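One-letter residues, chain by chain:
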Amino acid sequence: MPPLVLFALQLLTLALLLAVLYRPLGDYMATVYSSTRHLRVEKVIYRLTGVNQDAEQTWPIYFRSVLAFSAVGILAVYGLQRLQAFLPFALGLPAVSEQLSFNTAISFVTNTNWQSYSPEATMGYSVQLLGLAVQNFLSAAVGIAVAVALVRGLARAASPTLGNFWVDLVRGSLRILLPFAAVAAIVLLAGGVIQNFAGFQDVGTLAGGTQSIPGGPVASQEAIKLLGTNGGGFFNANSAHPFENPTAWVNLVEVLLMLAIPFALPRTFGRMVGDNRQGYAILAAMGTFFVLSVSLLSALELGGRGTAPVLAGGAMEGKEQRFGELGSALFGTTSTLTSTGAVNSMHDSYTALGGGTTMLNMMLGELAPGGVGSGLYGMLVIAILAVFIAGLMVGRTPEYLGKKLGAREIKLASLYILTTPTLVLVGTALSFGIPVIRESVIGTSILNPGLHGFSEVLYAFTSAANNNGSAFAGLTANTPWFNTALGVAMLLGRLLPILFVLALAGSLAAQEKVPVTAGTLPTHRPLFVGLLCGTVVIVSALTYFPVLALGPLAEGLL
Amino acid sequence: MSTTTEERTESSVHRHKDTAAPFGPRQLLAALPVALRKLHPRQMWRNPVMFIVEVGAALTTLIAITEPLSGGPVESGGTAMPSAFTVSIAVWLWLTVLFANLAEAVAEGRGKAQAESLRATRTSTIAHRVPHYDETADPGALVATSEAIASADLHLGDVVVVTAGELIPGDGDIVWGIASVDESAITGESAPVVRESGGDRSAVTGGTRVLSDRIVVRITSKPGETFVDRMIRLVEGASRQKTPNEIALNILLATLSIVFVVVVLTIGPMAGYSDAAPSVPVLIALLVCLIPTTIGALLSAIGIAGMDRLVQRNVLALSGRAVEAAGDVTTLLLDKTGTITYGNRQAAEFIPVGGAGEAELVAAAHAASLADPTPEGSSIVLLAERLDPTLTRVQQASGAVVPFTAQTRMSGIDYADGAMLRKGAGSMVAAWAAESGALAADTEGELRAAVERVSEAGGTPLVVAERRADGQSRVLGVIYLKDVVKTGLVERFAELRRMGIRTVMITGDNPLTAKAIAAEAGVDDFLAEATPEDKMALIKREQAGGNLVAMTGDGTNDAPALAQADVGVAMNTGTSAAKEAGNMVDLDSDPTKLIDIVRIGKQLLITRGSLTTFSIANDVAKYFAIIPAMFAGAFPGLEVLNLMGLSSPASAILSAVIFNAIIIVILIPLALRGVRYRAASASQILRRNLIIYGLGGVIAPFIGIKLVDLVVSLLPGF
């Protein structure tokens, strides 16, 4: 079968599976976050932690809970790494350095999973399981909780509260992520992903040498890495490693895992605001970007020009034979359009414009479909801006789902869209603007000098500020500047948007609902979907046009 | 009555067509001095977007002055720039700021003319103050002495006497007397209006002239805070405050500006890595093109013009917030009388009962109504004479007129021979007829059926009865007085429904009558037997459901509801209390104008939204003009992005800046006139405006910049 037909079949299968999952998964999540009943195990947790499970929280308290929980998470992961030498199953590895521990702790708590290190040479099983895997669950649950809080803000009328963060967190972890991750792990095991505590095994190779083969509890970690759009690999090669992603069909399963929750959350949103059509509109906008982006990246990689691809018969540098250009493009798009950041091929080795596309995916704000939770709240914030700009055009004070968009709402939405571009651009500019740092960046970190080197740095800040975690792997990021700057970018890129989203949710929830009339701007029609897509392009993507021109565009159009 | 109302609206429209001269070069030239004065940074600071442009212009000017000393414009992104480049950019940036100020100045200028004519009425007049006014003993101040003082020295609560030919010295309420007043100075309406003490027509405005009679007026406003003073401030835009939507939009525009400031500031160091750093003038040009200057320049002009459009229609909004709220209105409360129906009812049919012939009934009704001066009475006479042309009006002389009183609720005529005719409310006339013997059962049944039929149809039944000279009484029949719904209202209500606005009719009629008229006029709902308290309760109920309510009112008892409503339009003929409570005053006192007000409010928001969309959509083309040009020297490959095929990097950048400035001037007329608004559902309006201003906003600058480039490329060096 020709590869393109095969690829089309893969995409069709993927679309079909996502369509099948959309309603049941979305409805299930809506039920989870709307139910008033607590499971017995949840009650035990609440009793042990002293949480009053029936107390509703205002937005500042909700945010403080997120903040406190993240702080504790960062301290815990930092502590585990620093104390690695004393932990069991550490594979004899020493304590992780201070700045790397700082960077990694923030990275996993913020759902970024940026890895400035090679896991198999740095982290033992104990840190991987107690620190990183636990945060894979919790950071994902935090993302969904914040999204649900925003949805509640839109759904509720004249309510001072947004729900209870601790309850949302526990339910997201126990009722959604844990069971689905378990099922996914079994599927992955069946597909050939390993799961053991074997450590390193030396084996004789065919050529007569010896090779040290790493083992580890990979399948369990792999499942949540993808399902929670985390992306931190068990191995340095991430999903390009055959123990993480052995075959083409497992590759498709992994793509499905990354997309399942983000693409089902619009349904949850539609259900919770009592109008499923609203969910379909958000889904349509997300889907449009996804399809366009997959097509674009596939075309760019297939048509890859340049000496090496022409000689090799394809742009296969940095890609795995078992996935090919198309399987790599699909995974790469999915990983950068969600906040996963897992890779099954090296984005650094993509064609210049292809690599630029993965960057552009993140620059959109990771909202098509975005990370678990963060994708939905990102898209809803853009929807609010779209409604505001276009809503005036129908002659009414703009309103979204019956909520008037006044100065406060626009201020918060504006701050939201201001945060990430500022972090990306300022971070990149500082890397080249301050002489001392510039020396270290150009001298130590950049692998490929010239335009591609610029792209490597730009990619790093784009990935960190958007909490993606993937990298142009050429960049050596384990330096004081990158560990610190990217750590700060990840932290601010996560917590500031959450602050603005929760404040927005609080201000929306406090409002009465305006009844829908013929004069109300409908937000479920194709016209609105088009408007939403246009707003994403103009508000998010165009901001980056100049920097893209300096990196991938200049390189690709040379 | 019908014709007078229409003529009035017509005349006021015509009058204002003259004052609202079309926008042209003359207005621009006239506004130039004001626009230049507005360049002061303290004034510009209020508009962050344009302030950024001004700072950029100043910086570029500085560079243009200093760079000849260091040997002409520096290389930008690896490309040499022509020597006139920086100067040209500086000039066009200043023009951009100037055009923005011009837009505002022109908008303000239109109000200024109006203010001038109002100010003329404020000239000091002599007031005859009664220092010791005795309300009870001498209400007409006929005995009390008065002193002549300047109108400016009047205080709140002073009592003055105004006689025919004099100007009323200040705003006030008539406490005694009745007079016809020429209010044309304020309303533009030349026909005099009647003002009298007590009731809802007691308010007079300072600067208007008493034409007949003599009135005693109690001053209700402090000097300097009169209605005219407020009007002047409003039309001049001096007391203009930003409205909620404007504030929200300003925040968004400021944010977009900040984003682009960050983008531009970070380009230098990043491009420096590839030795492609653009020069400062190029970066400033990029920044100015990217920030939403088009809407930033026109925003305040749009707001002022919106208020102005209301003034053109003789409506004074006491705050911009109210105009904006008008666009948001979802429920319209309309008084039946005067708004939905013509003020008075008209005879539509005669229904004989109890064996009386129609001719008999018609003749009796005619005779009984000859002395009735009310419009209802004369409509009966007219209809009767049309049905029976032989009827004459001489009979009047032969009898004594019995006038209508609130107690008897009937009127009629007593003839010399003892015969009597009566017409009036059903129960009262029936009782009068029954005084001389009970009515026959079938007559009574017929009468009740006829009365019910008329009531159900929304009309008022008047029963006619006679008592012959021999003392025998009988009921002749029923006159069907019809409430006539104004023409064209059904269509307007349908239009409102398409706009998503619910209309509620308020009436003192019984539910049956109210229902029939509501159905005929096509309103969505009605409130029958309404008291002011009911009205208030209805407004609160609607507001609790998230609706925004608009209403009109003129009486003092309307004041609380006017204050409670989101948009309360007080009639100029109304009491000061009503005018004080509402947030708009209609100088024409035409309640149907509420619909126009809603339209203007919507148009204001649509104009703002459309130009914002246009402005932001423009960025796409500007990126494609400037980005390839900016790095052309360092990365020739980016030429692929030069979709417009602009001739040179310098020309591309200058062309984008020039387009960016010129588009402001091109759009000033649209900002002042407002985007065309047709009543339609939100979906249809959105589609239309999104295609014109969204898609148009993406495409127009591609064409515009290319055209400018064709001209600029002719300049030496570009």
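Residues numbered from 1 in each chain as written. Chains lettered and ligands numbered in written order. Predicted model: local features only at pLDDT ≥ 70, side-chain atom pairs only at ≥ 80, totals over all residues. Heavy atoms only, no water.

- The name that an unreviewed UniProt entry assigns to chain A is Potassium-transporting ATPase potassium-binding subunit, with the source organism given as Microterricola pindariensis.
- UniProt, in its Sequence similarities (unreviewed entry) section for chain A, records the words "Belongs to the KdpA family."
- In its Subcellular location (unreviewed entry) section, the UniProt record describing chain A reads: "Cell membrane". (UniProt positions renumbered as here; feature names shortened; annotations may be inferred.)

**Brief notes about the overall build of chain A**
Thought 1: Within chain A one finds 20 helices and four strands.
Thought 2: For 558 residues, the compact-globule estimate of 2.2 N^0.38 gives 24 Å, and chain A sits close to it at 23 Å.
Thought 3: Projected onto its principal axes, the C-alpha positions of chain A cover 75 × 55 × 55 Å.
Thought 4: Residue burial in chain A is summarised as follows: out of 558 residues, 64% are buried.
Thought 5: For chain A, restricting intrachain contacts to residue pairs at least 6 apart in sequence, the fraction spanning at least 24 positions comes to 78%.
Thought 6: Carbon and sulfur atoms provide 68% of the accessible area of chain A, an area that totals close to 18,500 Å².
Thought 7: Taken together, the 27 basic and 24 acidic charged side chains of chain A have centroids lying 15 Å from each other. (Helix = DSSP H or I, 4+ residues; strand = E, 2+ residues; numbered from the N terminus. Rg over C-alpha atoms; globule rule 2.2 N^0.38 Å. Buried < 20%, exposed > 50% of the residue type's maximum accessible area, 1.4 Å probe, protein only. Contact = heavy atoms within 4.5 Å. Areas by Shrake-Rupley, 256 points an atom, 1.4 Å probe, with all protein chains shown as cover. Lys, Arg positive; Asp, Glu negative; His and termini not counted. Charge placed at Lys NZ, Arg CZ, Asp CG, Glu CD.)

**Some details on the environment of Ile45(A)**
Residue and element names in this part refer to chain A.
Thought 1: Position of isoleucine 45 among the secondary structure elements: in helix α2 (residues 40-49).
Thought 2: For isoleucine 45, a relative accessible area of 28% translates into the label partly exposed.
Thought 3: Measuring from C-alpha to C-alpha, the distance between isoleucine 45 and valine 167 comes to 9.9 Å, with 122 residues separating the pair along the chain.
Thought 4: Leaving out residues up to four positions away in the same chain, isoleucine 45 has contacts with Val170 and Leu174.

**Notes on helix α17 (residues 451-465) of chain A**
All names here are of chain A.
Thought 1: Over its 15 residues, α17 extends 21 Å from the first C-alpha to the last, a length consistent with the 21 Å expected when each residue adds 1.5 Å.
Thought 2: A large share of α17 lies buried, amounting to 15 of its 15 residues.
Thought 3: Residue asparagine 467 follows α17 closely and has a positive phi angle near 55°. (Expected span 1.5 Å × (residues − 1).)

**Digging into the interface of chain A and chain B**
The accessible area lost on association of the parts is a frequent measure of interface size.
Thought 1: The interface of chain A with chain B comprises 58 residues on the first partner and 58 residues on the second.
Thought 2: Between chain A and chain B, the buried area comes to about 5,000 Å², and carbon and sulfur atoms account for 77% of it.
Thought 3: Here chain A is connected to chain B by one salt bridge.
Thought 4: Between Asp328(B) and Lys404(A) there is a salt bridge, with its nearest N and O atoms 4.0 Å apart.
Thought 5: Run the count over chain A and chain B and you get twelve residue pairs in polar contact (both at pLDDT 80 or more).
Thought 6: Counting only elements with at least two residues in the side of chain A that touches chain B, the list comes to α14 (374-391), α15 (407-433), α16 (435-445), α17, α19 (526-541) and α20 (545-556) of chain A.
Thought 7: With twelve residues, α15(A) is the single largest residue contributor to the side of chain A that touches chain B.
Thought 8: Grouping the constituent residues of the side of chain A that touches chain B by class yields 38 nonpolar, 13 polar and seven charged. (Buried area = accessible area lost by both parts, 1.4 Å probe. Salt bridge = Lys/Arg side-chain N within 4 Å of Asp/Glu carboxyl O. Polar contact = N/O pair within 3.5 Å; in protein donor to acceptor, adjacent residues only side chain to side chain. Nonpolar A, V, L, I, M, F, W, Y, C, P; charged D, E, K, R; others polar.)

**What to know about the sheet that holds strand β16 (residues 460-467) of chain B**
Residue and element names in this part refer to chain B.
Thought 1: The strand order across the open sheet formed by six strands is β12-β17-β16-β15-β14-β13, and the pairing between neighbours is antiparallel. Bordering the open sheet on either side are β12 (346-352) and β13 (399-402), each of which pairs with just one other strand. Between one strand and the next, the sheet's axes are offset by a mean angle of 20°, whatever the strand orientation.
Thought 2: Two strands pair when backbone bridges link them, and strand β15 (residues 420-424) and β16 are joined in this way by five bridges, in the antiparallel orientation. In the sheet register, lysine 423 faces β16, and the bridge partner there is valine 464.
Thought 3: Helix α16 (residues 441-456) rests against β12, β16 and β17 (473-482) of the sheet, and its axis sits at about 10° to β17. (Pairing = 2+ DSSP bridges. Axes fitted to C-alpha atoms, helices over the stretch in contact; angles between N-to-C directions.)

**A short note on a positive patch on the surface**
All names here are of chain A.
Thought 1: Together, Arg37, Arg40, Lys43 and Arg47 make up a region of like positive charge exposed at the surface.
Thought 2: Within the element layout of this structure, arginine 40 appears in helix α2.
Thought 3: Taking the relative accessible area as the measure of exposure, arginine 40 reaches 72% and is therefore exposed. (Patch = residues over 30% accessible without salt bridge, like charges linked within 9 Å, V, L, I, M, F, W, Y side chains within 5 Å.)

**Considerations on the environment of Ser713(B)**
Residues and elements named next belong to chain B.
Thought 1: Take serine 713: it is sitting in the segment after α24 (682-712).
Thought 2: Distance from serine 713 to leucine 646, taken between C-alpha atoms, is 8.6 Å for residues 67 residues apart in sequence.
Thought 3: When residues no more than four places from it in sequence are discounted, the contact partners of serine 713 are Ser647, Ser651 and Phe718.
Thought 4: In terms of polar contacts, serine 713 uses its side chain to reach the backbone carbonyl oxygen of leucine 710, at 3.0 Å.

**Description of the nonpolar core**
Note that soluble globular proteins tend to have their nonpolar side chains buried in a common cluster.
Thought 1: The biggest cluster of nonpolar side chains holds 318 residues, and the ones touching the most others in it are Ile261(A), Phe269(A), Ile282(A), Tyr400(A), Leu332(B), Met584(B) and Phe631(B).
Thought 2: The leading source of residues in this core is helix α22 (residues 593-630) of chain B, at 20 residues.
Thought 3: Setting aside its immediate chain neighbours within four residues, Phe631(B) contacts Pro546(A), Ala549(A), Leu550(A), Gly77(B), Ile267(B), Ala271(B), Ala276(B), Pro278(B) and Leu638(B).
Thought 4: Formed by 20 residues, the second largest nonpolar core is a distinct cluster that contains Ile380(B), Leu383(B), Ala384(B) and Leu462(B). (Core = buried A, V, L, I, M, F, W, Y, C linked by side-chain atoms within 4.5 Å.)

**Overview of the side chain of Glu495(B)**
Thought 1: Along the chain, Glu495(B) turns up in helix α17 (residues 489-498).
Thought 2: Contacts of Glu495(B), omitting those with residues within four sequence positions, involve Arg599(B) and Ala679(B).

**Some words on the sheet that holds strand β8 (residues 209-210) of chain B**
All names here are of chain B.
Thought 1: Strands sit in the order β6-β5-β8 across an open sheet of three strands; the sheet is antiparallel. Every interior strand has two partners, whereas the edge strands, β6 (193-196) and β8, have only one.
Thought 2: Where strand β5 (residues 178-182) lies against β8, two bridges are found, and the strand directions are antiparallel. For valine 181, the partnering residue across the bridge sits in β8 and is valine 210.

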